[in-house]
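As a plain string of letters, each chain reads:
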Amino acid sequence: MAGADATGRDGAGGAVSNTVNGGVFFHAVIQGRDITVRLPPQVTPALSGLPPASAAFTGREEQVEALLEGLAPGTEQRKAPPVAAVAGLAGVGKTELVVQTAARALKEPGWFPGGVLFVDVFGYDSERRLSPGHALDGLLRALGMPGEHIPDGLQDRARLYRSVLAAFAEQGRRILVVVDNASDEEQARPLLPADGTTAALLTSRHTLDVGARLHDLDVLDVRSSVELLEQALHNALGPGDTRVRDEPEHAEAVARLCAGLPLALRIAAALLADAPRRPLASLARALETEHRRLDRLRREERAVRAAFDLSHDRLGHRHARLFRLLSLNPGDDLSTEAAADLTGGDLYEVEELLQDLARAHLLEPAHVWGRWRLHDLVRLYADEKGRRHADSDERDAARTRLFAHYRTTAEAAGSHLDTGRGTASTRFPDRDGALARLDDERSNLVATVTAAPRFGLGEISLDLADALSRYLHDRHAFDDWVTVTTTALAVCRESGDRRGEAAALNQLGLALAGLRRFGEAADAHDEAATVHRGTGDRNGEAGALTNLGSALTELRRFDDAVDVLSRAAAVFHETGDVQGEGGALANLGNVLTGLRRFDDALNVHSRAVAVLRGTGDRRHAGLALNNLGGVLTEVRQFDLALKAHTAAVAVYRTLGDRHGEAISLNNLGRALVGLRRFDRAVDFHTEAAAIYRETGDLHREGLALNNLGLALVELGRFDEAVDAHTRAAAVFGETGDLHSEGRALNNLGRPLGEVGRLSEAVDAHTRAVTVYRDLRDRHGEGLALHNLGATLSKAGRFEEAVDAQRKALTAFRETGDSHLEGMALHNLRGALRRERRSGRSGGRVRRQPGAGPRTDGRR
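Predicted model, so just to flag it, every value in this text is computed and none were measured.

1. Looking at the pairing of strand β7 (residues 116-120)
For a regular strand, the rule is simple: side chains alternate between the two faces of the sheet.
Part 1 of the argument: For β7, the buried fraction is high: 4 of the 5 residues fall into the buried class.
Part 2 of the argument: Bridge count between β7 and strand β8 (residues 176-180): 5 bridges; the pairing is parallel. Bridge assignment links Val 119 to a residue of β8, and that residue is Val 179.

2. Considerations on the packing of aromatic side chains
Part 1 of the argument: If you walk through the whole model with that rule in mind, you get 4 aromatic pairs.
Part 2 of the argument: On the numbers, 6.3 Å between centres and 45° between planes, the contact of Phe 323 with Tyr 381 is tilted. Of the two residues, Phe 323 is situated in helix α13 (residues 317-325) and Tyr 381 in helix α16 (residues 376-388); the sequence distance between them amounts to 58 residues.
Part 3 of the argument: Its relative accessible area of 0% is what places Tyr 381 among the buried residues.
Part 4 of the argument: Members of the aromatic cluster, each reached through a chain of ring pairs, are Phe 308, Phe 323 and Tyr 381.

3. Looking at unusual backbone geometry
Part 1 of the argument: A positive phi angle, near 60°, is found at His 361, a position not held by glycine.
Part 2 of the argument: Relative to the helices and strands, His 361 is located in the loop between α15 (347-359) and β14 (364-365).
Part 3 of the argument: Owing to a relative accessible area of 11%, His 361 belongs among the buried residues under this scheme.
Part 4 of the argument: The phi dihedral of Arg 516 falls on the positive side, at around 65°, and the residue is not glycine.

4. Some points on helix α1 (residues 61-71)
Part 1 of the argument: All of the buried residues along α1 are Val 64, Leu 67, Leu 68, Gly 70 and Leu 71. Taken end-on, α1 shows its buried residues confined to a sector of 160°, consistent with a single buried face. Along α1, the residues that are exposed and aim more than 90 degrees away from the buried face are Glu 62 and Glu 69.
Part 2 of the argument: Buried-residue contacts for α1 involve β6 (83-87), α2 (94-107), β8, β9 (199-204) and β10 (213-216).

5. What about the sheet that holds β10?
Part 1 of the argument: In space, the 5 strands of this open sheet follow the order β7-β8-β9-β6-β10, with parallel pairing throughout. On the outer flanks of this sheet lie β7 and β10, each paired with one strand and no other. Averaged over all neighbouring strand pairs, the angle between strand axes comes to 15°, with direction disregarded.
Part 2 of the argument: By the bridge criterion, 4 bridges tie β8 to β9 in an arrangement that is parallel. In the strand pairing of β9, Val 179 is matched with Leu 202.
Part 3 of the argument: Across the sheet, α1 lies against β6, β8, β9 and β10, angled at about 170° from β10, the strand it touches most.
Part 4 of the argument: Here α2 sits on the sheet and contacts β6, β7, β8 and β9; the angle it forms with β9, its principal contact strand, is near 165°.

6. A closer look at the nonpolar core
Part 1 of the argument: Counting 170 residues, the largest nonpolar core has Val 304, Leu 326 and Leu 377 as the members making the most contacts within it.
Part 2 of the argument: Setting aside anything within four residues of it in sequence, one finds Leu 326 in contact with Leu 334, Ala 339, Leu 342, Leu 354, Leu 357, Leu 363 and Leu 374.
Part 3 of the argument: Grouped together as the second largest cluster of nonpolar side chains are 49 residues, Val 673, Ile 691, Val 769 and Ala 784 included.

7. Points about the sheet that holds β14
By way of backbone hydrogen bonds, the strands of a sheet pair with one another, either parallel or antiparallel.
Part 1 of the argument: Here we have 3 strands laid out as an open sheet, ordered β13-β15-β14, and antiparallel in their pairing. Each edge of the open sheet is held by one strand with a lone partner, namely β13 (334-335) and β14.
Part 2 of the argument: Bridge count between β13 and strand β15 (residues 371-373): 2 bridges; the pairing is antiparallel. What sits directly across from Ser 335, in β15, is Arg 371.

8. What about the pattern of salt bridges?
Part 1 of the argument: Following the criterion strictly, the structure yields 64 salt bridges and no others.
Part 2 of the argument: Measuring nitrogen to oxygen at the nearest pair gives 3.7 Å for the salt bridge that ties Asp 309 to Lys 385. In this pair, Asp 309 is assigned in helix α12 (residues 304-312) and Lys 385 in helix α16, connecting sequence segments 76 residues apart.
Part 3 of the argument: Among the residues examined, Asp 309 registers a relative accessible area of 21% and is labelled partly exposed.
Part 4 of the argument: Lys 385 sits in the buried class, given a relative accessible area of 12%.
Part 5 of the argument: Two residues, Glu 554 and Arg 516, come together in a salt bridge whose shortest N-O distance is 4.0 Å.

What counts as what
Residues numbered from 1 in each chain as written. Predicted model: local features only at pLDDT ≥ 70, side-chain atom pairs only at ≥ 80, totals over all residues. Heavy atoms only, no water. Buried < 20%, exposed > 50% of the residue type's maximum accessible area, 1.4 Å probe, protein only. Helix = DSSP H or I, 4+ residues; strand = E, 2+ residues; numbered from the N terminus. Pairing = 2+ DSSP bridges. Phe/Tyr/Trp six-rings, centres within 6.5 Å; stacked < 30°, edge-to-face > 60°. Arc of directions from axis to C-beta. Contact = heavy atoms within 4.5 Å. Axes fitted to C-alpha atoms, helices over the stretch in contact; angles between N-to-C directions. Core = buried A, V, L, I, M, F, W, Y, C linked by side-chain atoms within 4.5 Å. Salt bridge = Lys/Arg side-chain N within 4 Å of Asp/Glu carboxyl O.

So this is what it looks like as structure tokens:
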């Protein structure tokens, strides 16, 4: 620029004259002097100092658009400040985001004809940190202000800086200011324009209160992370590097191990670029080891750990200690209450510390207020730091307090779910509140069970496993339940606790049964019975036998199940355990139903209902009512079945047991089909399927869909029935229930035939025949053959139809089902007549009902 021109008096009475070309007047900005500022006719090179934008940039379009919206001319008329502050974790890509945004904004016609000012104030680097005064000196020089006219004081420099920016704006040469890496309001505020027209972008690891629009920047998702890896490799080595495309699974693994942090991803890409022949699988394996991951995420001057060091080193003692201790949490996030117990501090004081860490983006608020989480790489860093401060942080005592917190939380919440444990804790207002807390803490609770034994806290692990059993059962969290009970079993075996070992084996069997791993479940229950017998615990043995009988029933080992359950019921009767006896009888009734001994099943289920009602155990009484209703439906006493299931619905709704309610609704629908009230049946089956979906019970959702399809067929809604049965068959295939899959396929055949898709119908029935034959279920095979014959006859394939009906007739005779035997004989004769006359007529297709509920045998 040209010189500056101003008029005033110095102390000796001499005149001082300075000129800055332009024509804008500012009053009393330097030690009482008047300065006339004239702006230059051309933008100086210093106003084009934006760092280059990286060609590897993805996953941020939404954030760029949001920032651009605030930078556009006219923002001030919309009463939104044209200043945006981008905050986020170290290495999350804040600088790149604002550089990309600024580069795009500068290309917009008329947005920033004055250019851009960029300054990195190094707020988190103690050696390079720029004071706001020094930063202003550089910015004013970039704006063309001669050094001798830049005042010494911060306040004066800020006034002059803002006045010059405003002058540029008034002359139609609006400037974009980019302030990078400010650490606090004191460093940032003097550098921001205040005229309402000049725009600014600010980045910080802290959420700063400087009157700007706030934008929190999160990590990248897996897809965008993989794209960033590929872009970075292509920039370095060209599009001929196809490793990301060739190894998609390993590319995703690297992305996950970098936890979506752009800094880590760029370092990973640089490491791969250094070795063009290195497979992504090699890097993924190198990053898998947690305690070495931060060591390996470094290349020359760039390192994830170094970036985090700058944030950690600025923390005060209390903040730093809490930050390090947070890494002890075994799960995904933790509550404020847990953090208070972890540190042994006051709840509200700890909450303030947590909020401070969140403002520094070393901690993230979780999905609801009062819960917090560490980014995966930050957690590794905090743990690394914590190990170095183990003694001063009292790390072992803190861990013990945290694990004890989770134990007392689970016990208090569990008291609302398992009425057999005594009075419900006043810590939670009701069952819903207890469930909500357990849902929030689930990952922590399960992880605490598995982690506690490593630190000599096996007793906490056992207590937690016991407290969680009802919750994990009711939530159908069977994988977690297997994890918890397997850990408890190991603790008991190591300590020689035989009674605890038996209890853990029994719980493990129930969890395995929930995963439909019935063979393993039977083994676990059998071993539990043996251990109980060895300790002289007859009731424990009978309980294990009850659950063993349930697993044997699912394995269709009905004769073995009858023997085991009869023994269990007898033991309970002898010891006076009425509740246990009722559970054993309920399971025994299910076995008898599977054997089609319906009269015996009715008798046993009626006894189970009477026994369980007498105990006041409403949950198991509701289950017994459901089982009784299922048998009543099988023997076509639909009115009585309707009463039983309606009573069960009422029980479960009173208990707030959505899953039990769904079982009752599903069976209620079956009874209504028998009463030919198909519309209501459709409603109940649809509601049951929705609840099963909500509670995560995929298998029973399949049962409800199968029954829904049967009701839809009766209403002539065949296309909907095809959809329901198809979905049911897919569910059973996914869950490995071949028997139910065969049932769904057999039922699918009828609506397919009704809509003229005869070849598909034949295929469905044929697949059902194969499934039943493999399972050695002669009754099911007979039903599938019977329906196959009817469909073949309808398709005009009479010779094949005759063969199928003959085989069905044989199967029904073997199983003693005289009713179906008569139907098969009738259809066989019809098929023979049509074969002789080469006529075409459809046989009568027998639908196959859906399965009723099975008790899980849980005591």
